[in-house]
Protein chains: 4
Amino acid sequence: MTWTLEALNAASAADFVAALGGVFEHAPWVAGEAAARRPFGRVEDLFAAMAAAVAAAPEARRLGLLTNHPELAGRAARDGRIAPDSIAEQASAGLDRLSEDEYARFEALNAAYRARFGFPFILCIRRHGRASLLRSFARRLEASPEDERRSAEAEVLRIAAIRLNALVEGEGPLRTTGRISTHVLDTAVGRPAAGVAVELAEFVSETESVVVARARTNADGRTDAPLIGGRPVPLAAYELRFRLGDHYRAAGLDLPEPPFLDIVALRFGAADPEGHYHVPLVASPWSYQTYRGS
Amino acid sequence: MTWTLEALNAASAADFVAALGGVFEHAPWVAGEAAARRPFGRVEDLFAAMAAAVAAAPEARRLGLLTNHPELAGRAARDGRIAPDSIAEQASAGLDRLSEDEYARFEALNAAYRARFGFPFILCIRRHGRASLLRSFARRLEASPEDERRSAEAEVLRIAAIRLNALVEGEGPLRTTGRISTHVLDTAVGRPAAGVAVELAEFVSETESVVVARARTNADGRTDAPLIGGRPVPLAAYELRFRLGDHYRAAGLDLPEPPFLDIVALRFGAADPEGHYHVPLVASPWSYQTYRGS
Amino acid sequence: MTWTLEALNAASAADFVAALGGVFEHAPWVAGEAAARRPFGRVEDLFAAMAAAVAAAPEARRLGLLTNHPELAGRAARDGRIAPDSIAEQASAGLDRLSEDEYARFEALNAAYRARFGFPFILCIRRHGRASLLRSFARRLEASPEDERRSAEAEVLRIAAIRLNALVEGEGPLRTTGRISTHVLDTAVGRPAAGVAVELAEFVSETESVVVARARTNADGRTDAPLIGGRPVPLAAYELRFRLGDHYRAAGLDLPEPPFLDIVALRFGAADPEGHYHVPLVASPWSYQTYRGS
Amino acid sequence: MTWTLEALNAASAADFVAALGGVFEHAPWVAGEAAARRPFGRVEDLFAAMAAAVAAAPEARRLGLLTNHPELAGRAARDGRIAPDSIAEQASAGLDRLSEDEYARFEALNAAYRARFGFPFILCIRRHGRASLLRSFARRLEASPEDERRSAEAEVLRIAAIRLNALVEGEGPLRTTGRISTHVLDTAVGRPAAGVAVELAEFVSETESVVVARARTNADGRTDAPLIGGRPVPLAAYELRFRLGDHYRAAGLDLPEPPFLDIVALRFGAADPEGHYHVPLVASPWSYQTYRGS
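Residues numbered from 1 in each chain as written. Chains lettered and ligands numbered in written order. Predicted model: local features only at pLDDT ≥ 70, side-chain atom pairs only at ≥ 80, totals over all residues. Heavy atoms only, no water.

A. Layout of the relation of the copies chain A and chain B. With an RMSD of 0.1 Å, the operation that places chain A on chain B is a rotation of 180 degrees combined with a shift of 0.0 Å along the axis. Interpreted geometrically, this transformation is the action of a two-fold axis. Identified as the residue of chain A closest to the rotation axis by C-alpha distance is Gln289(A), at 2.0 Å. Of the interface residues in chain A, 97% have counterparts in chain B that sit at the interface too, so the contact is made through matching surfaces. (Least-squares fit on C-alpha atoms with pLDDT ≥ 70 in both. Contact = heavy atoms within 4.5 Å.)

B. Region of the structure containing the domain arrangement of chain A. Residue and element names in this part refer to chain A. Here the domain parsing of chain A yields domain 1 (3–169) and domain 2 (178–289). Distance from the C-alpha centre of domain 1 to the C-alpha centre of domain 2: 34 Å. With eight residues of domain 1 in contact, the opposing surface of domain 2 contributes eleven residues. Summing both sides of the interface, domain 1 and domain 2 together bury roughly 710 Å²; the carbon and sulfur share of this comes to 53%. One salt bridge connects Glu274 with Arg127, and the closest N-O pair in it is separated by 2.9 Å. Here the side of domain 1 that touches domain 2 gets three residues from one element, more than from any other, and that element is helix α9 (residues 130–141). Considering only residue class, the side of domain 1 that touches domain 2 consists of two nonpolar, three polar and three charged. (Domains from an automatic or database assignment. Buried area = accessible area lost by both parts, 1.4 Å probe. Salt bridge = Lys/Arg side-chain N within 4 Å of Asp/Glu carboxyl O. Helix = DSSP H or I, 4+ residues; strand = E, 2+ residues; numbered from the N terminus. Nonpolar A, V, L, I, M, F, W, Y, C, P; charged D, E, K, R; others polar.)

C. Representation of the UniProt feature "domain: Oxo-4-hydroxy-4-carboxy-5-ureidoimidazoline decarboxylase" (unreviewed entry) in chain A. Residues annotated by UniProt as "domain: Oxo-4-hydroxy-4-carboxy-5-ureidoimidazoline decarboxylase" (unreviewed entry) correspond here to residues 9–165 of chain A. Taken end to end, residues 9–165 of chain A comprises 67% helix and 0% strand; its first and last C-alpha atoms sit 16 Å apart. (UniProt positions renumbered as here; feature names shortened; annotations may be inferred.)

D. Inspection of the packing of aromatic side chains at higher detail. Tallied over the full model, the rule gives 44 aromatic pairs over all chains. Clustering of aromatic rings is evident, with ring pairs tying together Phe106(A), Tyr113(A), Phe117(A), Phe119(A), Phe121(A) and Phe137(A). Arg292(B) extends its terminal NZ or CZ atom over the ring of Tyr277(B), reaching a point 3.9 Å from the ring centre. (Phe/Tyr/Trp six-rings, centres within 6.5 Å; stacked < 30°, edge-to-face > 60°. Lys NZ or Arg CZ within 6 Å of the ring centre and 35° of its normal.)

E. Local environment of the pairing of strand β7 (residues 209–216) of chain A. Residue and element names in this part refer to chain A. Of the strand pairs in this sheet, strand β6 (residues 197–203) and β7 are connected by seven bridges, and their pairing is antiparallel. Pairing of Phe203 across the sheet is with Ser209, part of β7. Taking the residues that link successive antiparallel strands as the turn, the β6-β7 hairpin has five residues. (Pairing = 2+ DSSP bridges.)

F. Region of interest: the pattern of salt bridges. Counted by the stated rule, this structure contains 84 salt bridges over all chains. In this structure, the salt-bridge partner of Arg249(A) is Asp246(A), at a minimum N-O distance of 2.7 Å. Remark: Asp246(A) and Arg249(A) occur in helix α11 (residues 244–250); sequence separation between them is three residues, near one turn of the helix. On the basis of relative accessibility, which here comes to 35%, the residue Arg249(A) falls in the partly exposed class. With a shortest N-O distance of 3.0 Å, Glu153(C) and Arg149(C) are connected by a salt bridge. (Buried < 20%, exposed > 50% of the residue type's maximum accessible area, 1.4 Å probe, protein only.)

G. Molecular detail of the interface of chain A and chain D. Each side of the interface is counted separately: chain A has nine residues, and chain D has nine residues. In total, about 590 Å² of surface goes out of reach between chain A and chain D, with carbon and sulfur atoms giving 57% of it. Its largest share of buried area at the contact with chain D, chain A owes to Thr187(A), Ala188(A) and Trp286(A), together 58% of the area lost on that side. At the boundary of chain A and chain D, one finds zero salt bridges. Between chain A and chain D we count two residue pairs in polar contact (both at pLDDT 80 or more) in total. (Polar contact = N/O pair within 3.5 Å; in protein donor to acceptor, adjacent residues only side chain to side chain.)

H. Representation of the UniProt feature "binding site: substrate" (unreviewed entry) in chain A in the model. Mapped onto this structure's residue numbering, the UniProt feature "binding site: substrate" (unreviewed entry) falls at His183(A), Arg222(A) and Tyr291(A). Among the structural elements, Arg222(A) can be located in the loop between β7 and β8 (228–231). Under the relative-accessibility criterion, Arg222(A) is labelled partly exposed at 27%. In this view, Arg222(A) contacts Thr182(A), His183(A), Arg216(A), Thr217(A), His278(A) and Ser294(C); residues no more than four positions away in its chain are not counted. A distance of 3.2 Å separates a polar atom in the side chain of Arg222(A) from a polar atom in the side chain of His183(A). Topologically, Tyr291(A) is positioned in strand β13 (residues 287–291). In contact with Tyr291(A), other than residues within four places in its own chain, are His278(A), Val279(A), Pro280(A), Val282(A), Phe260(B), Trp286(B), Ser287(B), Leu185(C), Thr187(C), Val282(C) and Tyr291(C).

I. Quick peek at the sheet that holds β8(A). Residues and elements named next belong to chain A. Overall, mixed pairing links the three strands, which are arranged β8-β3-β11 in an open sheet. Across the chains shown, the open sheet's two edge strands, defined by having one partner strand only, are β8 and β11 (276–278). Across the sheet, the mean angle from the axis of one strand to that of its neighbour is 10 degrees, orientation sign disregarded. Two elements, strand β3 (residues 178–181) and β8, share two bridges in a ladder whose sense is antiparallel. (Axes fitted to C-alpha atoms, helices over the stretch in contact; angles between N-to-C directions.)

J. Spatial organisation of the relation of the copies chain A and chain D. For the pair chain A and chain D, the best superposition has an RMSD of 0.1 Å and corresponds to a rotation of 179 degrees with a translation of 0.0 Å parallel to the axis. Comparing interface residues between copies, 100% of those in chain A also lie at the interface in chain D; the contact surface is shared.

K. Region of the structure containing the pairing of strand β3 (residues 178–181) of chain B. Where β3(B) meets strand β11 (residues 276–278) of chain B, three bridges bridge the pair, whose relative direction is parallel. Bridge pairing links Ser181(B) to His278(B) in β11(B).

L. Expanded view of the sheet that holds β6(A). Residue and element names in this part refer to chain A. Spatial ordering of the open sheet is given by β7-β6-β9-β10, a layout of four strands whose pairing is antiparallel. Looking at strand neighbours, the two that pair on one side only are β7 and β10 (263–270), the edges of this open sheet. On average, each strand axis in the sheet is tilted by 20 degrees relative to the strand beside it, whichever way the strands run.

M. Highlighting the packing of helix α8 (residues 100–117) of chain D against helix α9 (residues 130–141) of chain D. Residues and elements named next belong to chain D. For the pair α8 and α9, the least separation of the axes is 10 Å and the interaxial angle reads 30 degrees. Here α9 runs roughly parallel to α8, going by the angle between their axes. Crossing hand, α8 versus α9: left-handed. Along its contact with α8, which presents Glu102, Arg105, Phe106, Leu109, Asn110, Ala112, Tyr113, Arg116 and Phe117, the element α9 presents Arg130, Leu133, Leu134, Phe137, Arg140 and Leu141. For the contact of α8 with α9, the per-class residue count stands at nine nonpolar, one polar and five charged. (Parallel < 35°, antiparallel > 145°, perpendicular 65-115°, else oblique. Left-handed = near helix turned anticlockwise from the far one by under 90°.)

Following this line, the structure appears as structure tokens:
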């Protein structure tokens, strides 16, 4: 369930901790500290108070925030011995559907990481695509202990911010969502192209991609909802595919077979999970262009 | 070996037939008829004379032109019992490297076709990609006997034209080749983009593609040779892929990771095997466009 | 002053006519007829009732609607002997600032038109630019009396619609406004271009243009308000001019002198006064493009 | 008349000087020095020898090269008391058709310049448009005597290079010409746009432009000859104007009146007189783009 800031400000400390105790994994004490700093006028103030509590906590507690985190695709996750939010987060990245080989790869990375840094690899999964997740894991294994400690704590805060936003309604929500949107303009007739089938695929490797969203353009040439929205845009390379040939065939144009433009594919990368990637298609039967729009 | 028109005009009838007897499969008589119409000032006149001989031939001979043709990926081809040119043509479409299943599919199509029309399926393979070849086969199986007879004879002439062009040098060569070329312009600096790795892939199905050419752009932003040239452009859907991200990294730009544009993929279809498909990439790190150029 | 539909529905017939009597020039009887058809739920219903009253009126009254209209830039207009709305409308097209020669030209056209059709030339001026106004005048002088009668009555309704919209607030306003807007995207950095000086000029002849609006792009690369809005877009050829060179100089780029792109001029025509002309500029220092957007 | 390098190498010193004595204004001695350094294999070697002779000359002679130069639009030019090449050069910039006011302005600038530097203002006129010429004049008046002496000598060499290229035929001509060219692609049909009327105008002020070339596109969408070629491209802002509306009307399209795109105007600046400015128009009836091409 979600709470309003007002309700949280008015709640007993116990209820407050019951409500927000899970924002930091296995660390209800963070909510406890924040409860004492009420009232909060804005969600971001509440989050700042929790972050301050973490920063002010003794080393043992701060380290605990890391050591208590579940491993990615780890044994505990497979056996369901992790927090519900973690289950959902790992599932969102498909980590609950890995092949035995992939599990094995993760177990090896997890073991190497824990051996080197003394705590599990922590990453705000919702901000990463499959390829990016593995790239980050490999890269961070190379980092210095100091840098890596900072990276891990930053990821803990990113995870907490998303969880808090999902639990609390109020002014000043945290910036934890991005968007991928598109727009199709038909320059043969000077109007938006309606009814164009669009799909968004994420590259899980340089050559392999999986479709993550499908839509059709409306009368304004846009999709009714963003192709990705209301969540961070996973760091990844994407491909937007438009059935432009079908659009022009439906418009009665006499196209060659195969048409010069049939499925138009726009590849682009998203490096800012909280950013807006507007990637329009401006096309005629014989030309098209795209750009990062706004 | 190749002949000049002059040499062919001066040759004995026997030598002339020896030289051009294979232009029409198992039908040296076509060259024989043409020999009597010498001299020829242009290659296209020589070809017109051969086509006229075919048109004027009695039905039995004209039908023989079809019945004597080898089947695509047929038993004869597998056992090497077909004309050398046919072997090369079928190999160019990969028909000598089919899986057992694919062979089986061709044998079934060949049998159905022969049963329906009384002669083997004839197609100028060099003008078709793998997907187009199978599409044409299925479509022509549905045609009326009259239409299909005309289609088969047209293909025989297309095959002959390519063989003749390869054998004879002289004025007025036949139009049997097309081109796929590209050009990369960097609109961030207003200059051609040099050293960009480009690959051309052919879609053998809607989702599966195979790389058919690789090149790097020169100082003028073009490839030294067309990506496809000196032969017909196989009817197919293609994808040009440019390593634009590498180009901008090499230029010292500070790109996000992943970059907005890394591998740019331009999909287009070629429906005119004798046409010129110039498909340029006009790009900055945040936008690009293409069109059918000239 | 403006009225709400509710107030008009509740008003006495006399007040209703006092409020809307000027919607049709010198023809308060139209409002009188409409008063009897109250109540109206939507502005468009009220207008439909007035149009129906006109259509049902005897010939003398309908012709009177035309004969009572003031001439464009006519003697009456110069001497202020026309309805206040007419004064404003003619001023909006600069007809109150004509040279003696221009007045003479209009007087000649007015005389020729009245001699041919028996009523003054009527045009909804707000829907026309200077050049279009004169083109229409010349073209309509050539029309048949039947066609021209229809054209004149259509213009009377267009004028009335704009006047009614200005007087009445309520559901279902009439569609009497269009828009010209723009948007500047900087494809060198993948962001909207802020602070770009933009001007919109109207061509009053093929070579002569007058600036009709000036603005600067905001952080989103748009102008805070449309360059033309809240009124019909005068039928005309326009030119949008962007100081792109200044934008890139301000961004610290080292441009040649003169820069390849300094003032970018986009010429376009507006043929639908009630339409939305979104004309974006997508540019790098060495390339740009535009299209009719949405 | 023009000479071949061979002929010049074989000529008597007197004939050599008679042929090339005018390359440096009123300074046949430069040719005289070069004559002694024959033979020359390439035109650029001949020019290098003349430049070396200038560099090695005593101060009096080098200063003479400057002081003997005619003023721009000066009294001597008006009265025809200058070298024929100078007359042609000044005429090419319209300096023989100035208004009295313009003459007065030049006389004032000339006087101020001579007073400050002791020699006349020297500029290779063929490399400048009218506006650039006046900008340069004003800017150089502000330079230090040392810098300005260097600028003046550099201009003398530029003038000499153009004159020498015009007189001598042979290997290794000097790079003294640039080009402005265009290309129209119709993306509604995927073909070059033939028969499009194009004009090139030079801006002589920010708002005033004069047409300097007219052409029509050929079957390949290009103009048969560059719009400017075989000479330096005058430093200036230009506008290419294309009658795109006429093209689409001729193609039978039903365009609104006025069409969205009728006359398309591409403004660009040329800052490299020896460069190639290829400025294509890639257009549909509702969109267009341009870029600096190659």
